Structures are given as structure tokens and as C-alpha cells.
Amino acid sequence: MDTSSKIYIAGHRGMVGSAVWRALENKGYRNLIGKTSKELDLKDQTKVRNFFITEKPDVVIDAAARVGGILANNDYPYQFIMENMQIQNNLIDEALKADIPKFIFLGSSCIYPKFAPQPLKEEFLLTDTLEPTNEWYAIAKITGVKACQAIRKQFNKDYVSLMPTNLYGYFDNFDLETSHVLPAMIRKFHQAKNSNHADVTLWGSGSPMREFLFVDDMAEAVLYALENKLPEYIYNVGSGKDITIKELAETIQKVVGHQGKIVWDSEKPDGTPRKLMDVSKMKQLGWQYSTELQEGIEKTYAWFLENIEHIKEVKIQVN
């Protein structure tokens, strides 16, 4: 891949997209394109088509999505399935029609069945039922993966899907209703610390196990996929390590400096009991993560403190 290649990063202001942008700039790529949602509504097929005709990018990196945690997925199922399908379908289909040779689609580990064997291998896709609390988002992402696979098979184009584990880091969403577990905990513990170290109530039992990956490491995986033609259509991206939600909470509590109690609301759902990725395929190709969890949380909390006046809070629009 030439550093002068024109690369469009969809969702370039989001946590993942902005990390990808930084990684490419650091590597010398200068012909990067990014459009805000006001400049280009990815849910509008005609606007996406006209954008590709006008800009003619060499590569599309799809980091645009409607994302959220258990609460948001559970409360807004239609937005999570429909908006994600509109965004990705327009990008994938119009990229194909515009004869764009390379497309990197970013998905999620939630595409795998709820009770799939651990660690999750790429071949477990579509072998059993999904986790009910986020199946809407998962189904949308699965269609994106299969669309890219179909294009790869039928048109022999370099369209590949990367399935990250739970990502966190700079520019994350810290809204307590729509965010994922790690940024939500950072905000909760921070607010409790500033309220005389009040107790912090967290959902579930704390027993589920989760894997986390610092977003800058994910960006390096995207860079690897950009600069290499990967032989298969789907690859897991993660650390290959997991911890319990309870251990995560205690780690964040320590980093934040909160000294109150942690109260577990066991009447709230836990979600999938375990989601550990098998990342051996990417490792065999030559990529692996570099940021350990506590270091990543420390970096994220430091960024949170520096940007607390304008941290990202995503609200769901239902009209």
C-alpha cells in the first residue's frame, strides 16, 4: 500500500476511526478522507454513492456504527439493527459499484454464538443462537461480514472483516446509558470518588469474563490489514486474555482512586458468561497486541480527566 493512496475512514471521529486515523498518519499516510455525519449521512445510499463517485478512494475502512452496551442494545433494538445495516450496506455496496479494490470491515465479537466454545474461533460464526441482549447489533454485523465474504468470493476483491474484542480508549463514549462496561465504570468510579467516595452499584454478579483491547492496538491491526492482503475473509482481533467483570471493576477502582464499596445488583443481567477471542490466526500472520489492560486503563483515565469538559456522550434518537 502506497502512502499516497486515498483512504476513506468512515467514522473517523469515533473511538476506533480516530485511532485508525492517528495510526495511518503516524505511518506516513497523508491522503486520508473523513466526513462527519452532517457532511455525509451514511444511512443515505444516494449520498454515499455520490461521495464515492466524487472522491474515488482506493481503500474504505468502515469504522462507522451505532454502538452501545447492554442497556442501549436492549432498549433500542430497532435502531441497532436498522441503522447499522443501512450504514454498512451503503458503504459495502457502493464501494463494490465504484470498483474500490480494498475494503476493511470492522465488526464485533458479539457476532459469535452466546454459548460457543471458548476461545471463540472464526469458524464458530453462525453455529448457534446469539446473546439476546445484543442480537440486533450482532445480526447487522454478521450481514456485513457475509456481504464482504460474498464480494471476495464472487468478485475476487480484497474485502476483509476484522472482529475486535471489547475496545476501549481515547474518545470512547462515556454516557452512562449507552456506553460499554469499561468507560461506564471509569465514569461511575470517578463520580463516586468526587462524591466523598460514595458506593458504586454495578450491574450483574461480576462473574462474567471479558477480554479488552486498547483501541490503539486495534488501529495497528487495521494498519496491518491495510498493508497486507490477508488470505481469509475474517479475523479475530484481541489480546487473547480475559478477566472477570469483578476484577475489571477492582482494577478501574484502583486506577481512579475510589475508596468506597462496590455493590453488585445481581437482579440485572450479566450478558454472555464468557467472550474470549482466539486470536491465533492474526498472530500467525505477524500481528499481536502490545498494551496490557492496566496500562490501557491508566491512559484512558488520564485522557478522560484531560477532556472531562467535553467527553463523548451518545444519546439514542428514536424518531
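In what follows, the structure referred to is the one given above.
So, a few notes on the structure that sits alongside this text.

A few words now on the sheet that holds strand β8 (residues 209-210). Pairing is mixed in the open sheet, where three strands are placed in the order β11-β8-β13. Pairing within the sheet leaves two strands with one partner each, and these edge strands are β11 (243-244) and β13 (274-275). By the bridge criterion, two bridges tie β8 to β11 in an arrangement that is antiparallel. Bridge pairing in β11 places methionine 209 opposite threonine 244.

Okay, the packing of helix α2 (residues 45-55) against helix α4 (residues 77-97) next. Between α2 and α4, whose axes approach to 9 Å, the crossing angle comes to 40°. Classified by the angle their axes make, α2 and α4 are oblique. Pair α2 / α4 crosses with right-handed handedness. Each of Gln45, Val48, Arg49 and Phe52 in α2 lies in contact with α4, whose residues at this interface are Asn90, Leu91, Asp93, Glu94, Ala95 and Lys97. Across the contact of α2 with α4, the residue classes tally to four nonpolar, two polar and four charged.

Running from N to C, α4 and helix α5 (residues 135-155) cross one another at 15°; their axes reach a closest spacing of 7 Å. With respect to their mutual orientation, α4 and α5 come out roughly parallel. Classified by chirality, the crossing of α5 by α4 is right-handed. Residue-level contacts link Pro77, Phe80, Ile81, Asn84, Met85, Gln88, Ile92 and Leu96 of α4 to Trp136, Tyr137, Ile139, Ala140, Lys141, Thr143, Gly144, Ala147, Cys148, Ile151 and Phe155 of α5. Tallied by class, the residues present in the contact of α4 with α5 amount to 14 nonpolar, four polar and one charged.

It helps to recall that an α-helix has 3.6 residues per turn; residues three or four apart then point in one direction. Over its 14 residues, helix α10 (residues 293-306) extends 20 Å from the first C-alpha to the last, a length consistent with the 20 Å expected when each residue adds 1.5 Å. For α10, the set of buried residues is Leu293, Gly296, Ile297, Thr300, Tyr301, Trp303 and Phe304. The arc that holds the buried residues of α10, viewed along the axis, is 160°, so those residues lie on one side. Those residues of α10 that are buried lie in contact with β6 (166-168), α6 (181-193), β9 (212-214), β11 and α8 (245-256).

Reading guide: rules and limits
Residues numbered from 1 in each chain as written. Predicted model: local features only at pLDDT ≥ 70, side-chain atom pairs only at ≥ 80, totals over all residues. Heavy atoms only, no water. Pairing = 2+ DSSP bridges. Helix = DSSP H or I, 4+ residues; strand = E, 2+ residues; numbered from the N terminus. Axes fitted to C-alpha atoms, helices over the stretch in contact; angles between N-to-C directions. Parallel < 35°, antiparallel > 145°, perpendicular 65-115°, else oblique. Left-handed = near helix turned anticlockwise from the far one by under 90°. Contact = heavy atoms within 4.5 Å. Nonpolar A, V, L, I, M, F, W, Y, C, P; charged D, E, K, R; others polar. Expected span 1.5 Å × (residues − 1). Buried < 20%, exposed > 50% of the residue type's maximum accessible area, 1.4 Å probe, protein only. Arc of directions from axis to C-beta.

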